[in-house]
Protein chains: 2
Amino acid sequence: MLVKEIKELRSLIKSWKREGLSVGFVPTMGALHKGHESLIKKAVLENDKVVVSVFVNPTQFGPNEDYDSYPRDINKDLALCLNAGAALVFNPEPSEMYFDNKATTVSVSSLTSVLCGAKRPGHFDGVCLVVSKLLNIVTPDKAYFGEKDAQQVAVLKRMVRDLNIDVEIVACSIIREEDGLAKSSRNTYLSKDERQAALILSKSLERAKDSLKNGERNATKLKEVIKAELSKEPLAKIDYVEIVDSDSLENVETIEKNVLIPIAVYIGKTRLIDNFTFKIYTY
Amino acid sequence: MLVKEIKELRSLIKSWKREGLSVGFVPTMGALHKGHESLIKKAVLENDKVVVSVFVNPTQFGPNEDYDSYPRDINKDLALCLNAGAALVFNPEPSEMYFDNKATTVSVSSLTSVLCGAKRPGHFDGVCLVVSKLLNIVTPDKAYFGEKDAQQVAVLKRMVRDLNIDVEIVACSIIREEDGLAKSSRNTYLSKDERQAALILSKSLERAKDSLKNGERNATKLKEVIKAELSKEPLAKIDYVEIVDSDSLENVETIEKNVLIPIAVYIGKTRLIDNFTFKIYTY
């Protein structure tokens, strides 16, 4: 079922809640792939009703970013959601979500000034605003996010905690193509050569895992391993390679507890991200 | 019933909601007076269950403001709430409400850069943060605020709209002492002489109402009328006298639609506020 208006969505969800049904929520920007599908399927397993939003949120794109060209295919998205077991797809117009004279911002400091936040000013304010709104509209018991956007997960967990939003944020593993490339709606931007070149992201992270297995705990040296691998690919241009505390996202020098190792790399004009979390003694 | 923990409060409210009961909410900083009592009584009339919070919120006080000396009397407050028909009083410790590493801010721009917001930097960010949190904890159908804090009402209405918080903000008339002084927890700071001098606030607004009745529509002239009256009182020091659009809080030069006329005046060291809204053809 496709719903475009907040009022109708609220009314349906309230009727479910009156019946005592639990609600899972998967917020997306559409252009759904197997990664999103895995979130929806997990939500379907864990909740009575699942809502998927497919809203390309203008406030999280910078002025020179790809808002206009971001892939959109609502019919394909709707079919994927319903096949995966979602009860409802919410696809609002921007004018349904934002007033012309909107004045309210939601910001998470410190966590958003690093990594993608440093490279995409305002991006996480846009994410926090739209997710706040969607959580207030859908009032889910659980909300599902992919770990590919690891910083987003850390920021939203902090926001939900700080604002006492009554929802459990569920972080789900990265889904990859068979050759290792992390699934992303932006992969559709890649030419054939770039698609091949993009494998360097996951390969470089594998090199870091090898070093960690061999006992390397110095963050600078591990970052050098990743950068050396990335530099082998002529089409790749490093945006950042970092090693940070997985909760605070603060830089780490020696790896003594759980760390997030996120990278952002341009392949041609397309900016791709990937990461893994190294848990001390398990990975 | 007095509740100090968020978890217990949520659990009680969820049990009410399962029974289909409506919930009204009156957020206060305690030191309750007849003004608060009128909010609670209105809430009791309009809802099945009423929650009152009495939390002196540190984040809305500036570094040189009266957080430490703000009046607190939980036993008196509890008795007033229960006598007025409230089901539950929420009185959390600051550590229950705020984490040491809190990182999230909620801001309403433009509306908060004027009037009290201009004089009390950060005040409305503190208000928006705590009210966001309390609304997420209590999840009321309606929340009640006094019109004495007119800017607060305008800011919170905008925040609730912009963030799609599913609550109705109910603004309630100012309650006054018999001699006209607007009820305020800070009135307890006044010495006997200052208490008498404080009457100049409501008197000066009465002068403006007289001028409006006589047809005056020039905002500058009306402000002069108020200032002239205030200047008659030697213990009074004007903080601001403004005439603004009652939704946008933008300055108005000629009164052609509904305006808010708010004033802030120091009586000795105590800062008091008062206001009225002039509705075209009715007041």
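Remember, predicted model here, so these are calculated numbers, not experimental data. (Residues numbered from 1 in each chain as written. Chains lettered and ligands numbered in written order. Predicted model: local features only at pLDDT ≥ 70, side-chain atom pairs only at ≥ 80, totals over all residues. Heavy atoms only, no water.)

Our focus in this paragraph is the relation of the copies chain A and chain B. Overlaying chain A with chain B gives an RMSD of 0.0 Å, the required rotation being 180° about an axis along which the chain moves by 0.0 Å. On the angle and the small slide along the axis, the relation comes out as a two-fold axis. Identified as the residue of chain A closest to the rotation axis by C-alpha distance is valine 106 of chain A, at 2.3 Å. (Least-squares fit on C-alpha atoms with pLDDT ≥ 70 in both.)

A word on the packing of aromatic side chains. All names here are of chain A. For the structure on display, the rule yields 6 aromatic pairs over all chains. Their ring planes at 40° and their centres at 6.3 Å tell us that phenylalanine 55 and tyrosine 98 sit as a pair that is tilted. With phenylalanine 55 in the loop between β3 (49-54) and α3 (74-84) and tyrosine 98 in the loop between α4 (94-97) and β5 (104-108), this residue pair connects regions lying 43 residues apart in the sequence. Given the relative accessible area of 4%, phenylalanine 55 is considered buried. (Phe/Tyr/Trp six-rings, centres within 6.5 Å; stacked < 30°, edge-to-face > 60°. Helix = DSSP H or I, 4+ residues; strand = E, 2+ residues; numbered from the N terminus. Buried < 20%, exposed > 50% of the residue type's maximum accessible area, 1.4 Å probe, protein only.)

This next bit is on the UniProt feature "binding site: beta-alanine" (unreviewed entry) in chain A. All names here are of chain A. UniProt records the feature "binding site: beta-alanine" (unreviewed entry) at Gln60, using the numbering of this structure. Turning to its location among the elements, glutamine 60 is positioned in the loop between β3 and α3. Take glutamine 60: its relative accessible area is 9%, and that puts it in the buried class. In this view, glutamine 60 contacts Met29, Glu65, Arg120, His123, Gly126, Val127 and Val130; residues no more than four positions away in its chain are not counted. (UniProt positions renumbered as here; feature names shortened; annotations may be inferred. Contact = heavy atoms within 4.5 Å.)

For the rest of this paragraph, the subject is the interface of chain A and chain B. Between chain A and chain B, the residue contacts involve 27 residues of the former and 27 residues of the latter. The tally of links from chain A across to chain B stands at 4 salt bridges. The partner of lysine 14 of chain A in a salt bridge is aspartate 166 of chain B, and the shortest N-O contact between them spans 2.8 Å. The tally of links from chain A across to chain B stands at 22 residue pairs in polar contact (both at pLDDT 80 or more). (Salt bridge = Lys/Arg side-chain N within 4 Å of Asp/Glu carboxyl O. Polar contact = N/O pair within 3.5 Å; in protein donor to acceptor, adjacent residues only side chain to side chain.)

What follows deals with the domain arrangement of chain A. Residue and element names in this part refer to chain A. Looking at the assigned domains, one finds that chain A contains domain 1 (2-172) and domain 2 (185-275). The interface of domain 1 with domain 2 comprises 22 residues on the first partner and 17 residues on the second. Interface area, domain 1 with domain 2, both sides summed: about 1,500 Å², of which 57% is carbon and sulfur. When residues of domain 1 are sorted by the area they lose upon contact with domain 2, Leu115, Lys119 and Lys148 head the list and together hold 33% of the total. (Domains from an automatic or database assignment. Buried area = accessible area lost by both parts, 1.4 Å probe.)

All right, on to the sheet that holds strand β4 (residues 88-90) of chain B then. Residue and element names in this part refer to chain B. Here 6 strands make up an open sheet; going across it, the order is β1-β4-β3-β2-β6-β7 and the pairing parallel. Sheet topology places β1 (2-3) and β7 (168-172) at the edges, where each strand pairs with a single neighbour. Pairing of strand β3 (residues 49-54) with β4, which is carried by 3 bridges, proceeds in the parallel orientation. Counted as the bridge partner of valine 52 is valine 89 from β4. Taken strand by strand, helix α2 (residues 34-46) contacts β2 (23-28), β3, β6 (142-146) and β7, and its axis lies near 155° from that of β6. Each of β1, β3 and β4 is contacted by helix α3 (residues 74-84), which is oriented at about 165° to β3, the strand it contacts most. (Pairing = 2+ DSSP bridges. Axes fitted to C-alpha atoms, helices over the stretch in contact; angles between N-to-C directions.)

All names here are of chain A. Ordered by their spatial adjacency, 6 strands build an open sheet running β1-β4-β3-β2-β6-β7, and the pairing between neighbours is parallel. Lying at the two open borders of the sheet, with one neighbouring strand each, are β1 (2-3) and β7 (168-172). Bridging between β1 and strand β4 (residues 88-90) involves 2 bridges; their strand directions are parallel. Its bridge partner being in β4, valine 3 is matched across the sheet by phenylalanine 90. Strand contacts of helix α1 (residues 6-18): β1, β2 (23-28), β3 and β4, with the helix running at about 150° to β4, the strand carrying the most contacts.

Take helix α9 (residues 199-213) of chain A next. Owing to its 3.6 residues per turn, the α-helix aligns residues three or four sequence positions apart on the same side. All names here are of chain A. Counted at 1.5 Å a residue, the expected span for α9 with its 15 residues is 21 Å, and the 21 Å between its end C-alpha atoms agrees. The set of residues buried in α9 consists of Leu199, Ile200, Leu201, Ser202, Ser204, Leu205, Ala208, Ser211 and Leu212. Looking at the buried side of α9, the elements it contacts are α8 (192-197), α10 (219-230), β8 (236-241), β10 (259-267) and β11 (270-278). Glycine 215 lies just past α9 and shows a positive phi near 100°. (Expected span 1.5 Å × (residues − 1).)

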